[in-house]
Amino acid sequence: MITSVAASHAKGKFATDRIFGANAAANRAAAKYGKENVVNATIGVLLDNEEKLVCLPTVEKVYHSVPMTEVVNYAPIAGVPEYLEAAIDLTFFDQRPDAYIKAVATAGGSGAIHHVVWNYSEIGDTLLTADWYWAPYKVLCEDALRKLDTFPLFDADQNFNVQGFAAKVTDLLAKQNNLVVFMNMPAHNPTGYSLTDEEWAQALGVCKEQAKNQDKRIIVVVDAAYIDYAGEKNACRSFMKQFGGLPANILVIIASSLSKSYTLYGQRVGAMIGVTSSQEIAKEFEDINQYTSRATWSNINRGVMRMAAMIYQDKGLLAQVEAERNGYYKLIQERAGLFAREAQEVGLKMLPFKAGFFLSIPSQKSEAVCEKLYEENVFAVALPKGIRIAVCAVPTRKMAGMAAKIVKAKAAVGDE
Ligand code: PLP
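Quick caveat, the model's predicted, so the values are computed rather than measured.

Thresholds applied
- In this convention, every chain numbers its residues from 1, walking through the sequence in written order.
- Reporting in this predicted model follows two pLDDT cut-offs: at least 70 for local features of residues, and 80 or more for side-chain atom pairs to be given and counted; totals over whole chains, interfaces and linings ignore these cut-offs and use all residues.
- Excluding hydrogens and water, the side-chain figures rest on all heavy atoms present in the structure.
- The residues that make up patches have over 30% relative accessible area and no salt bridge, and they are joined within 9 Å when like-charged or within 5 Å when they are Val, Leu, Ile, Met, Phe, Trp or Tyr.
- Accessible areas in this description were obtained via Shrake-Rupley with a 1.4 Å probe; residue shielding takes into account the shown protein chains only.
- Whenever a carboxyl oxygen of Asp or Glu lies within 4 Å of a side-chain nitrogen of Lys or Arg, that contact is scored as a salt bridge.
- Secondary structure follows DSSP: runs of H or I at least 4 residues long count as helices, runs of E at least 2 residues long count as strands, and numbering of each begins at the N terminus.
- Where each domain starts and ends follows an automatic or database-derived domain assignment.
- Contact definition: two residues touch when any of their heavy atoms are within 4.5 Å.
- Accessible area that two parts lose when put together, with a 1.4 Å probe and added across both, is what the buried area reports.
- Between N or O atoms, a polar contact is any pair within 3.5 Å; within protein, one atom must be a potential hydrogen donor and the other a potential acceptor, and residues adjacent in sequence are included only when both atoms are from side chains.
- Between any two strands, pairing holds if DSSP finds at least two bridges.
- Crossovers are marked right-handed if the path from the first strand over the helix to the second runs clockwise, as seen with the strands pointing away from the viewer.
- Only protein atoms enter the calculation, which uses a 1 Å grid: trapped sets of points that fit a 1.4 Å probe without letting it out are cavities, open sets showing protein on both sides within 12 Å along at least five of seven lines are pockets, and any residue with an atom within 4 Å of a point is a lining residue.
- Grid points are joined across faces, edges and corners, and a volume is the space filled by probe spheres set on the points.
- Classification convention: Asp, Glu, Lys, Arg as charged; Ala, Val, Leu, Ile, Met, Phe, Trp, Tyr, Cys, Pro as nonpolar; all other residues, Gly among them, as polar.

Caption draft 1: Geometry of a nonpolar patch on the surface. Taken together, Met68, Val71 and Val72 make up a surface patch of nonpolar side chains, about 310 Å² in accessible area. Along the polypeptide, valine 71 turns up in helix H3 (residues 68–72).

Caption draft 2: A look at the domain arrangement of the protein. Segmentation of the protein into domains returns domain 1 (18–57 + 319–412) and domain 2 (69–314). When each unit is reduced to the centre of its C-alpha atoms, the spacing between domain 1 and domain 2 is 27 Å. Counting residues at the interface gives 30 residues for domain 1, matched by 25 residues for domain 2. Between domain 1 and domain 2, roughly 2400 Å² of surface is buried when both sides are summed, and carbon and sulfur atoms account for 62% of that area. Where domain 1 packs against domain 2, one counts three salt bridges. For arginine 325, the salt bridge identified is with aspartate 228, shortest N-O distance 3.9 Å. Where domain 1 touches domain 2, the interface holds 11 residue pairs in polar contact (both at pLDDT 80 or more). Of all the secondary-structure elements, those providing two or more residues to the side of domain 1 that touches domain 2 are helix H12 (315–346), strand E9 (358–362) and strand E12 (386–390).

Caption draft 3: How the structure looks around the pairing of strand E4 (residues 147–151). Relative to E4, strand E3 (residues 126–130) runs parallel, the two sharing five bridges. Bridge pairing links threonine 126 to lysine 147 in E4. As for the winding sense of the linkage, the β-α-β connection from E3 through helix H6 (residues 136–143) to E4 is right-handed.

Caption draft 4: Focus on empty space enclosed by the protein. Evaluation of the coordinates by the stated rule reveals three cavities of 30 Å³ or more. Looking at the largest cavity, its volume works out to about 210 Å³. Among the elements of the structure, helix H4 (81–92), strand E7 (250–257), helix H9 (258–261) and H12 are those that each provide at least two residues to the lining of the largest cavity. No other element matches H4, which puts five residues into the lining of the largest cavity. The volume enclosed by the second largest cavity comes to roughly 50 Å³.

Caption draft 5: The layout of surface pockets, seen in detail. Within this model, the largest pocket holds a volume of roughly 1400 Å³. In terms of lining residues, the largest pocket is bounded by 45 residues, among which Trp134, Ala135, Pro136, Tyr137 and Val139 are the most central. Looking at the lining of the largest pocket, the elements that each hand over two or more residues are helix H1 (18–33), helix H5 (108–120), H6, H9 and strand E11 (381–383). The residue inventory of the lining of the largest pocket, partitioned by class, reads 23 nonpolar, 10 polar and 12 charged. A domain split of the lining of the largest pocket shows at least three residues from each of domain 1 (18–57 + 319–412) and domain 2 (69–314).

Spelled out as structure tokens, the structure:
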């Protein structure tokens, strides 16, 4: 009997979604025990303290004022020019590096990562990211017939593990000429870590050393999905100045997204921003990525690109959006701060959180711990190396007591 008609490279593919599964379990528990008695720390969207999905009010207002012709029309494949200008300017603010900088519109940050994988690595190559990572990186690599390897993000003192990073970069470049490295910074998912400027200098130092070999090409992808929740805008971007004056065989690509920055997850608007010391490589960046857009989704959401341009062009509106977002940044910091204080009190080890939507607890038995936590009506996501808590989604009052429950669940399953 014929049970598959898929092409050989597509056979057996299916997406498992741990987050969706844990979220569904949380919803079942809420129906049974009442919402107030359930902590749902699974979902990566911003909820207020009433557990309502947040849309920044000024974003909502401007969204509704976008002319209908802009909503319905096709967009240029590269993106609406005023949107691209806004995307570049808001990516860097005052920290613009001295380099050629070009932007191409993408379907969210995911779209940018898709294009990087396709256009900057060979089929069969291995791409690199930290051992704590956003699972879709692997899916995006494997679907395009590439592999993903990891370096240890932290050393024993919970600082950036530059030795571990250097070892993997060196090892992979001994086997292949192109190396794509995903750095989800600042405000890393799932740990909430941000490399310091000094740690960025170390990472770039490793790349520069390898780039002395002119046959090698290193693509540093800064996945900036959470950058607008990473602290004071210029302080959390200061590392970007270091992207100026790099050798031509190091290309930095920043993946930006309106999903979190404008609370518009479902609108699928983002951009990839290429930063290079070479005019030709900047031109190539625009050409090849536009071409891949044409071949993947054609053009993206024109109405929301226009909306972002309208906000950018009106400094009053932009300031309002920043103020509203800053309020939610503070709310997330308050929730994470409460958790971190209690974690310290009860002796729970957590990874160094600086900012962002998530924090993580290392665990050898994350699935067992998460299942044990279900009994306490606490729902979190089990990752290969630990447990991810979505601080973006848990009201402050429900953060209280969670660290103690995790300690108890860890002890119950023998995960000390
Ligand atoms: N990168 C990371 C680390 C993320 O967590 C997300 C969203 O969850 C994205 C990128 C991209 O999201 P989007 O494609 O919605 O912009």
